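Results of the structural survey
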Amino acid sequence: DAIKWLISKDYWVIRMGKLASKEIKIDSDKYIDFSFSNNKTDLIDIWLFAKCNACITTSSGPDQISIYSKKPVMFMIMPLMHLYSFSNSFTFSKNLVWKKTGKKLTVKEYLDHSYTMTKNYEEKGIEIFQPNEEEILEYVKEFMKFFKNEKLNLRDNKKQIKFWKLLRNHQDFDKYHNKIHPNA
């Protein structure tokens, strides 16, 4: 849905990746599923990440090229504490839920439970849910407002202010964040 929405807004979408499990078929001249192309090479991957207008990623590694090429990047990452605060980036995390209660973790709890291994979440009784297509579409729409320098609504700005205050006051802040980019 997010790819189709981007195409409807006249953006080109190039899907990349070596570990894609299945091809996404979309009938549009503005969509290329490069992950299944016979012309795919590492050099072209590097060039595309460096020359794109924006990058939407799961933080897989080559997306670092977009960061260092000063491209806006939307990350869908875990753990939230590891967000790329030094870059022109927009971050969304996966949905974390307490197994016992079924309640979503608060932002502070997300920050407190910033593990790099799935087993650590399991040990703490936290279940990880991938965002669904509707959530991803909303994230992409919000990122595109950010990308085009449109004002996000006041409610979102208040949430941003609250989030950055929580992050800056967190005990692990200095371990992961020494520079905050104005557009992070």
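Structure: see above.
The rules behind these values
- Residues numbered from 1 in each chain as written.
- Predicted model: local features only at pLDDT ≥ 70, side-chain atom pairs only at ≥ 80, totals over all residues.
- Heavy atoms only, no water.
- Phe/Tyr/Trp six-rings, centres within 6.5 Å; stacked < 30°, edge-to-face > 60°.
- Buried < 20%, exposed > 50% of the residue type's maximum accessible area, 1.4 Å probe, protein only.
- Helix = DSSP H or I, 4+ residues; strand = E, 2+ residues; numbered from the N terminus.
- Contact = heavy atoms within 4.5 Å.
- Salt bridge = Lys/Arg side-chain N within 4 Å of Asp/Glu carboxyl O.

**So, the packing of aromatic side chains**
- Under the criterion given, the structure shown has five aromatic pairs.
- Their ring planes at 75° and their centres at 5.8 Å tell us that Tyr-84 and Phe-86 sit as a pair that is edge-to-face.
- An angle of 75° between the planes, with centres 5.4 Å apart, marks the rings of Phe-163 and Trp-164 as edge-to-face. By the burial criterion, Phe-163 is buried, and Trp-164 matches it.

**Things to note about the environment of Met-76**
- Examined against the element boundaries, Met-76 turns out to sit in strand β4 (residues 73-77).
- Residue class for Met-76 comes out buried when judged on its relative accessible area of 12%.
- Taking the C-alpha atoms as reference points, Met-76 and Ser-59, 17 residues apart in sequence, are found 6.9 Å from one another.
- Not counting the four nearest positions on each side in its chain, Met-76 is found in contact with Thr-57, Thr-58, Phe-92, Pro-131, Ile-136 and Tyr-139.

**Considerations on the pattern of salt bridges**
- All told, the structure shown has six salt bridges when counted by the stated rule.
- The closest approach of N and O atoms between Lys-108 and Asp-112, which form a salt bridge, is 3.0 Å. Pair noted here: Lys-108 and Asp-112 are both in helix α4 (residues 107-112), with a separation of four residues, about one helical turn.
- Judged by its relative accessible area of 34%, Asp-112 falls in the partly exposed class.
- The shortest N-O distance in the salt bridge between Asp-172 and Lys-175 comes to 4.0 Å.
- Assessed through its relative accessible area of 22%, Asp-172 is described here as partly exposed.

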